[in-house]
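Each chain, letter by letter, is given below.
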Amino acid sequence: TVTRGAFPPVAMFSLYLLFVGHNAPGGGFVGGLTAGIALVLLYAGGGVDRVHAVLSLPFERLLGGGLLLAAVTGLTSLFLGEPFQSSAILKAHPPLLGEVKLVTVLFFDMGVYLIVVGLTLALLNVLGAPPRETESGTEQLPGSRPVEPQR
């Protein structure tokens, strides 16, 4: 019961850490670790099924999307004639909000955030999966390769 109540504030705090990372302590890695803690809380309270009920994205997509976002953000500055991963400030004027400043480092941090959350999901998938029976009748842990019998 406690883990279900703790998940939303911890997840929101992870997003806060993500968005303030370029001006204060935090960023994509710390925010991703905090989101990973929130997912581990869900896992502790309801197993891997509870985690999948809340976050149904496959971890491969999170890892790939995060890596792609981080790489594209870093390479974009090269295509614009600046050094790799140079930071720029983008200013927008959405209605009702006034001027909003977006720093390009935020997009890199979002990629790192997705990678860390994806790795946490991959770990929870391996921990939560039951052992499989192999052809020889022995149990095999998920993610491991079968061991050949010695002759």
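Everything quoted here is computed from the prediction, not taken from an experiment.

1. Some remarks on the packing of helix α2 (residues 28-54) against helix α4 (residues 104-128)
Item 1. Two numbers describe how α2 lies on α4: the axes approach to 8 Å, and their chain directions differ by 25°. In terms of orientation, α2 and α4 fall into the roughly parallel class. Both α2 and α4 take part in a crossing whose hand is right-handed.
Item 2. Its residues placed into classes, the contact of α2 with α4 shows 15 nonpolar, eight polar and one charged.

2. Digging into the nonpolar core
Within soluble globular proteins, side chains that are nonpolar tend to cluster in buried spots.
Item 1. Phe-7, Leu-39, Leu-42, Val-51, Tyr-113, Val-117 and Leu-121 are the most contacted members of the largest nonpolar core, which totals 13 residues.
Item 2. Breaking this core down by element, the ones donating at least two residues are α1 (2-20), α2 and α4.
Item 3. Per-element tally for this core: the top contributor is α2, with five residues.
Item 4. When neighbours within four sequence positions are excluded, Phe-7 is seen to be in contact with Ala-38, Leu-39, Leu-42 and Val-54.

3. Comments concerning the packing of helix α3 (residues 59-79) against α4
Item 1. At a minimum axis separation of 7 Å, α3 and α4 run at an interaxial angle of 160°. Taken together, the axes of α3 and α4 are roughly antiparallel relative to one another. Both α3 and α4 take part in a crossing whose hand is left-handed.
Item 2. For the contact of α3 with α4, the class distribution of residues is 15 nonpolar, seven polar and no charged.

4. Here's the deal with α2
Item 1. Between its first and last C-alpha, α2 extends only 21 Å over 27 residues, short of the 39 Å set by a 1.5 Å rise per residue.
Item 2. Largest kink in α2: about 130°, centred on Gly-46.
Item 3. Every buried residue of α2 is accounted for by Gly-28, Gly-31, Gly-32, Thr-34, Ala-35, Gly-36, Ala-38, Leu-39, Leu-42, Val-48 and Val-51.
Item 4. Packed against the buried residues of α2 are α1 and α4.

5. Comments concerning the environment of Gly-64
Item 1. You can see Gly-64 is positioned in helix α3.
Item 2. When the C-alpha positions of Gly-64 and Leu-114 are compared, they lie 8.7 Å apart, and in sequence the two are 50 residues distant.

6. As for the packing of aromatic side chains
Item 1. Enumeration according to the criterion identifies one aromatic pair in this entry.
Item 2. Taking the centre distance of 6.1 Å and the plane angle of 20° together, the rings of Phe-13 and Tyr-16 count as stacked. Note that Phe-13 and Tyr-16 are positioned in helix α1 at a spacing of three residues, about one turn of the helix.
Item 3. With relative accessibility at 44%, the residue Phe-13 sits in the partly exposed group.

7. Comments concerning α3
Item 1. Taking 1.5 Å per residue, 21 residues should reach 30 Å; α3 reaches 30 Å between its end C-alpha atoms and fits that length.
Item 2. Residues of α3 that are buried: Leu-62, Gly-66, Ala-70, Thr-73, Gly-74 and Ser-77.
Item 3. Looking one or two places after α3, you find Gly-81, whose phi comes out positive at around 85°.

8. A short note on the environment of Gly-118
Item 1. Secondary-structure assignment places Gly-118 in helix α4.
Item 2. Among residues more than four places away in sequence, those in contact with Gly-118 are Phe-59, Leu-62 and Leu-63.

Procedures and definitions
Residues numbered from 1 in each chain as written. Predicted model: local features only at pLDDT ≥ 70, side-chain atom pairs only at ≥ 80, totals over all residues. Heavy atoms only, no water. Axes fitted to C-alpha atoms, helices over the stretch in contact; angles between N-to-C directions. Helix = DSSP H or I, 4+ residues; strand = E, 2+ residues; numbered from the N terminus. Parallel < 35°, antiparallel > 145°, perpendicular 65-115°, else oblique. Left-handed = near helix turned anticlockwise from the far one by under 90°. Nonpolar A, V, L, I, M, F, W, Y, C, P; charged D, E, K, R; others polar. Core = buried A, V, L, I, M, F, W, Y, C linked by side-chain atoms within 4.5 Å. Buried < 20%, exposed > 50% of the residue type's maximum accessible area, 1.4 Å probe, protein only. Contact = heavy atoms within 4.5 Å. Expected span 1.5 Å × (residues − 1). Bend = angle between axes of the 7 residues up to and from the residue. Phe/Tyr/Trp six-rings, centres within 6.5 Å; stacked < 30°, edge-to-face > 60°.

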